[in-house]
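Below are the chains, spelled out letter by letter.
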Amino acid sequence: YTYSSLGLVLGRLERHEGALVRAEQAEMVSPMNWQHRAALGISLKDLGRFEAAGRAESIACAQSNNQNPCALLAVILHKAGHRTAALDVANKAAALTPSGIGAYSLAGYWAVAGNRSNAIRCLRDAVNLGWSAQIRSDPDFESLQGDPEFEAIALENDKLLHASAAASAP
């Protein structure tokens, strides 16, 4: 998990090539671990390599049957131009056990697919499930910027982020 975790951190720091190297190392050490495949898919997506990202995330979705990698797969497929397959995967992800991060990723899919109401609903679900992230800077939510409902959710999310940071401060 160390390589995979380091890869995700490097990705958040926008050091995408380094993130990919760590994700590939994690996958080599434990190729059957769906979380490593998911991290590899994220790293490839961040580099714009959507076809390869789709292959990795597809395996993660199938192995885990978890909402988050399946929702991420929907985003990747949409960005790769496979709109029908993306919608099918998004509907599958929506039927899986909800999680904060899964609802957030599903909101990202609906936002890039142009379905504002589903994006807002899933984003609200993510926050209600306790998930907080830098949603204002997430490129998947670019189309929602300025929308009053999005801005209200983003404000609530910002409060959660600040509360979390304050609680973890020494």
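A.B. asks: Break down the overall build of the chain for me, with residues and values.
C.D. replies: Broken down by element type, the chain carries 9 helices and 0 strands. Written out in order from the N terminus, the α and β elements of the chain read α-α-α-α-α-α-α-α-α. Taken against the 2.2 N^0.38 rule, which gives 15 Å for 170 residues, the C-alpha radius of gyration of the chain at 15 Å falls within 12% of a compact globule. Its C-alpha atoms put the chain at 45 × 45 × 25 Å along the principal axes.

A.B. asks: Describe in detail the state of the cysteines, supporting the description with residues and values.
C.D. replies: Within the structure shown, the criterion is met by 1 disulfide. Across a sulfur-sulfur distance of 2.0 Å, Cys61 and Cys70 are joined as a disulfide pair. Linking Cys61 and Cys70, the disulfide has an S-S dihedral of approximately 95° and is accordingly described as right-handed. Accessibility expressed as a relative area gives 4% for Cys61, which makes it buried.

A.B. asks: Explain the packing of aromatic side chains residue by residue, including any values.
C.D. replies: Inspection of the entire model under this criterion finds 4 aromatic pairs. Both rings, one in Tyr104 and one in Phe141, keep their centres 5.3 Å apart while their planes meet at 70°; by these two values the pair is edge-to-face. Taken together, the residues Tyr104 in helix H7 (residues 100-112) and Phe141 in the loop between helix H8 (116-128) and helix H9 (148-168) connect sequence positions 37 residues apart. Considering the side-chain rings of Phe141 and Phe150, the 6.2 Å spacing of their centres and the 35° angle between planes classify their relative orientation as tilted. Classification of Phe141 as buried rests on a relative accessible area of 0%. Ring-pair connections join several aromatic residues into one group, and the members of that group are Tyr104, Trp131, Phe141 and Phe150.

A.B. asks: Tell me about H7, and name the residues and values.
C.D. replies: When the terminal C-alpha atoms of H7 are compared, their 19 Å separation across 13 residues agrees well with the 18 Å that a helix rising 1.5 Å per residue should span. Counting buried positions along H7 yields 11 of 13 residues, so the element is predominantly enclosed. Residues of H7 that are buried: Gly100, Gly102, Ala103, Tyr104, Ser105, Leu106, Ala107, Gly108, Tyr109, Trp110 and Ala111. On its buried face, H7 is in contact with helix H5 (67-79), helix H6 (83-95) and H8. Remark: Gly114 follows H7 within two positions and exhibits a positive phi of approximately 85°.

A.B. asks: Any details on the pattern of salt bridges? Residues and values, ideally.
C.D. replies: Following the criterion strictly, the structure yields 9 salt bridges and no others. Across the pair Glu27 and Arg37 runs a salt bridge, and its minimum N-O distance is 3.0 Å. Placement of the pair is Glu27 in helix H2 (residues 16-29) and Arg37 in helix H3 (residues 34-46), with a sequence separation of 10 residues. Each member of the pair, Glu27 as well as Arg37, is classed as buried. A salt bridge links Arg121 to Asp125, with the nearest nitrogen and oxygen atoms 3.9 Å apart. In this pair, Arg121 and Asp125 are both assigned in helix H8, 4 residues apart and thus about one turn of the helix distant. Relative accessible area serves as the criterion here: at 31%, Asp125 is assigned to the partly exposed category. Salt bridges here are not isolated pairs; linked through shared partners, they connect Arg116, Asp147 and Glu149.

Here is what the cut-offs are and how they apply
Residues numbered from 1 in each chain as written. Predicted model: local features only at pLDDT ≥ 70, side-chain atom pairs only at ≥ 80, totals over all residues. Heavy atoms only, no water. Helix = DSSP H or I, 4+ residues; strand = E, 2+ residues; numbered from the N terminus. Rg over C-alpha atoms; globule rule 2.2 N^0.38 Å. Disulfide = S-S within 2.5 Å. Buried < 20%, exposed > 50% of the residue type's maximum accessible area, 1.4 Å probe, protein only. Phe/Tyr/Trp six-rings, centres within 6.5 Å; stacked < 30°, edge-to-face > 60°. Expected span 1.5 Å × (residues − 1). Contact = heavy atoms within 4.5 Å. Salt bridge = Lys/Arg side-chain N within 4 Å of Asp/Glu carboxyl O.

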